[in-house]
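Notes for the structure review
Single-letter residue listing:
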Amino acid sequence: MAEPHTETHAHAEHDHDHKPHGWRRWVFATNHKDIGTMYLVFSCIMFFTGGAFAMMIRAELFKPGLQLVDAGVFNSLTTMHGLVMIFGAIMPAWVGLANWMIPIQIGAPDMALPRLNNLSFWILPFAFVLLLSSWLVPGSAPAGGWTMYPPLTLQFGSSFPMLIFAIHMMGISSILGAINVVVTIMNLRAPGMTLLRMPLFVWTWLITAYLLVAVMPVLAGAVTMMLTDHFFGTSFFNAGGGGDPVMFQHIFWFFGHPEVYIMILPGFGVVSEVIPAFSRKPLFGYEAMVYATASIAFLSFIVWAHHMFTVGLPLAALLFFMFSTMLIAVPTGVKVFNWTATMWRGSLTFEPPMLFSLAFLFLFTIGGFSGLMLALVPADFQYQDTYFVVAHFHYVLVSGSLFAIMSGVYYWLPKWVGRMYDIRLATWHFWLSAIFFNVLFFPQHFLGLAGMPRRIPDYAVQFADWNMVSSLGGFAFGLSQLLFPYIIWKCVRSGQRVEGTRAWDGARGLEWELPSPAPYHSWTTPPTEAMIARGAEH
Amino acid sequence: MSTGATGNQPILTQQEVARRRRGVRRTTLVVSLIVLAFYFGFIVMMLVRGSH
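Counting of residues starts from 1 at the beginning of each chain's written sequence and follows it residue by residue. Each chain is given a letter, starting from A, and each ligand a number, starting from 1, according to the order in which they appear as written. Confidence filtering applies because this is a predicted model: local features only for residues at pLDDT of at least 70, side-chain atom pairs given and counted only at 80 or more, and all residues used for totals across whole chains, interfaces and linings.

1. Structural notes on the overall build of chain A
In terms of helices and strands, chain A carries 17 helices and two strands. Radius of gyration (C-alpha) of chain A: 23 Å, near the 24 Å computed for a compact globule of 538 residues. On the principal axes, the C-alpha backbone points of chain A span a range of 70 × 50 × 45 Å. For chain A, with 538 residues in total, the buried portion stands at 55%. Our contact criterion uses C-beta atoms placed from the backbone: two residues qualify when those atoms are within 7 Å. Once local pairs closer than 6 in sequence are excluded, the contacts in chain A between residues at least 24 apart make up 83%. By the criteria applied, helices consist of DSSP H or I runs no shorter than four residues and strands consist of E runs no shorter than two, each listed in order from the N terminus. Each radius of gyration is computed over the set of C-alpha atoms, and the globule rule expresses the reference value as 2.2 Å times the number of residues to the power 0.38. For every residue, the other C-beta atoms within 10 Å of its own C-beta are counted; 20 or more classify it as buried, 12 or fewer as exposed, and values in between as partly exposed. C-beta atoms are placed from the backbone.

2. Some points on the packing of helix α3 (residues 71–106) of chain A against helix α6 (residues 200–231) of chain A
All names here are of chain A. As a rule, the C-alpha atoms of each element are fitted with a line to give its axis, helices using only the stretch in contact, and angles between N-to-C directions run from 0 to 180 degrees. At a minimum axis distance of 10 Å, the contact between α3 and α6 shows a crossing angle of 120 degrees. Taken as axis vectors, α3 and α6 run oblique relative to one another. Seen along the crossing, α3 lies across α6 with a hand that is left-handed. Taken together, the residues of α6 that come into contact with α3 (itself represented by Ala98, Met101, Ile102, Gln105 and Ile106) are Phe201, Val202 and Trp205. Gly counts as polar in this scheme, as do all residues outside two lists: the nonpolar Ala, Val, Leu, Ile, Met, Phe, Trp, Tyr, Cys and Pro, and the charged Asp, Glu, Lys and Arg. Looking at the contact of α3 with α6 residue by residue, the class counts come to seven nonpolar, one polar and no charged. Throughout, the term roughly parallel applies to angles under 35 degrees, roughly antiparallel to angles over 145, roughly perpendicular to angles from 65 to 115, and oblique to all others. Crossings are sorted by hand: turned counterclockwise from the far helix by less than a right angle, the near helix makes the crossing left-handed, and turned clockwise it makes it right-handed.

3. Topic: the nonpolar core
Ranked by size, the top nonpolar core spans 185 residues in total, and within it A:Ile90, A:Val182 and A:Val213 carry the most contacts. Filtering out sequence-adjacent residues up to four positions away, A:Ile90 remains in contact with A:Met85, A:Met263, A:Leu397, A:Ser401 and A:Leu402. By our criterion, buried Ala, Val, Leu, Ile, Met, Phe, Trp, Tyr and Cys residues that link up through C-beta atoms within 7 Å make up a nonpolar core.

4. Observations concerning the environment of A:Gly221
Secondary-structure assignment places A:Gly221 in helix α6. In this structure the C-alpha to C-alpha distance between A:Gly221 and A:Phe252, which are 31 residues apart in sequence, comes to 9.6 Å. Among all residues touching A:Gly221, those that are not within four sequence positions of it are B:Tyr39, B:Phe42 and B:Ile43.

5. Some remarks on the environment of A:Ala434
Residues and elements named next belong to chain A. Relative to the helices and strands, Ala434 resides in helix α14 (residues 423–449). By C-beta crowding, Ala434 is classed as partly exposed, having 19 other C-beta atoms within 10 Å. When the C-alpha atoms of Ala434 and Leu355 are compared, they prove to be 9.4 Å apart, with 79 residues separating the residues in sequence.

6. Remarks on helix α10 (residues 329–343) of chain A
Residue and element names in this part refer to chain A. Relative to the 21 Å expected for 15 residues at 1.5 Å per residue, α10 spans 21 Å between its end C-alpha atoms, a close match to the ideal helical length. Restricting attention to buried positions, one finds in α10 the residues Thr332, Lys335, Trp339 and Thr342. Take α10 and look down its axis: the buried residues cluster within an arc of 85 degrees, on one side only. Facing away from the buried side of α10 by over 90 degrees, the exposed positions are Val330 and Thr340. Taken from the residues just after α10, Arg345 is the one with a positive phi, measuring 60 degrees. For a helix, the expected span equals 1.5 Å multiplied by the residue count minus one. Each direction from the helix axis to a C-beta atom contributes to the arc, which is the arc of those directions.

7. Quick look at unusual backbone geometry
Most peptide bonds take the trans configuration, and most residues that are not glycine carry a negative phi. All names here are of chain A. Following Pro150, the chain continues into Pro151 via a peptide bond in cis, with omega recorded as 5 degrees. For the bond running from Ser516 to Pro517, omega is -5 degrees, close enough to zero to count as cis. Positionally, Pro517 belongs in the loop between β2 (496–497) and α17 (529–535). Unusually for a residue other than glycine, Met148 sits at a positive phi of about 55 degrees. If you trace the backbone, Met148 turns up in the loop between α4 (114–133) and α5 (159–187). Given 23 C-beta atoms within 10 Å, Met148 falls into the buried group. Positive phi, normally seen in glycine, also occurs at Arg345, with a value near 60 degrees.

8. Some thoughts on helix α13 (residues 387–417) of chain A
Residue and element names in this part refer to chain A. The sharpest bend along α13 measures roughly 35 degrees and falls at Tyr411, with the proline Pro414 sitting one to four residues further on. Summarising burial for α13: 30 of the 31 residues are buried, a large majority. Remark: Gly418 follows α13 within two positions and exhibits a positive phi of approximately 75 degrees. The bend at a residue is defined as the angle formed between two axes, one fitted to the seven residues ending at that residue and one fitted to the seven starting there.

Structure representation (structure tokens):
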């Protein structure tokens, strides 16, 4: 366990910034900031890997006909894009931010289980090397979609066990990370940091960690059963042996829907930190935000079958899942109205973190509205497996999760490195991202409503124009993301030094009580009551 | 270099550290048991369902 100072060694602080150097610092890392940095770097690499797959998909769809890849490779591209972005880019980015921010936001010296933290990170590169190397085996990479539905997925060649083992490793990594977050928040809060004084980012991560603990083992169980179906002659999901392939869909989506909230709830936390900071006002309705987050998490467990309305569910089930899904709009609406009320009569400024949070607010809400359309059973029968669904979940996951991650990184980067990044360039990054994101994904609503199916390499000529627009938006969006690592690199090398503890004048919270950059070992003595109270003025 | 707050920080007593250590162990155990219950629970559920 990471321990705070006690009376016996509290005066030895001068010795505390000693850190290991060279490769040992990273391979044997137990410091939450080092591990957070590794997660974020890993996530960035995976983001560009998954992004390269997306570019190839959009290049193939630039015009009708098969241009660049055959249908099998195209299916592998869509599958790998989904797996890499979800498990390799978005989730590790959140774990990285959690590692960096949770201990310093609750006044803890480190995560509660630092060695476990090291293990949960180092599992990930092996998992993704395994997954990505499946491109090289006979039969190429998995091609049944990130949802891995049997019986299609059971028919893969050599890539099947690689996929299953990689998923198991990613699951173990996520579970260990989640255990660490729960244990840290429940036990290492500074004296005086009560649950309802915690920053919203910590709250949303605590709830996310409980979701992870509950649903990642379910995915692991599902793929274990698929493994035994493939290699040991069981028939869990094999209809030929008396199994039920639809049952896999139930189990998968029991994991899969909460997984969507695992990717978005920490984003709610970031936005709840950023909007008050750049509105120079406390967050409106702090407790309502906490309860709304918990409600969304609870509801996420009882809506899974809205992903499978067309498999032939009984009418009662269709009605139940339709209404329970629509119910999610209530706590989500509470959040959107609270963020808006926070800005009301605030002293607003529009630095890059605020711009990304505002884009999140507008665009995620569009994703929410298309989600409500998909929740309607009769309408869903039309939208199922069309590009409308693709547009919907990219509005949720790109302008939702990804923009919130960008907002968080731009907000806390000056605290991490003690230097300010190039605001002008970051603003360019925002506008290019926001504009080309919409050029990329908004036309996909039209394509879906016109009937274009998803996961196809070729399409009828009536879909050509909007596909071309979408692809052009995709290339521009992808290229504009290259600014992000450049801005960070430039900031680390030559950014202007941040004076004092606060990089933003409206920022509150314990992280802004620490010097910039945050010391290698922070809160070795817990923060004072006054500091906690200053940060907890909601 | 300062490693945290400056001024009148509270210092954790040995009892408080011991209490935290027990809490960490207990929470880790409980959460791990929940993980195992969900993992094996779903597999057992499928086995029971398949045997009918």
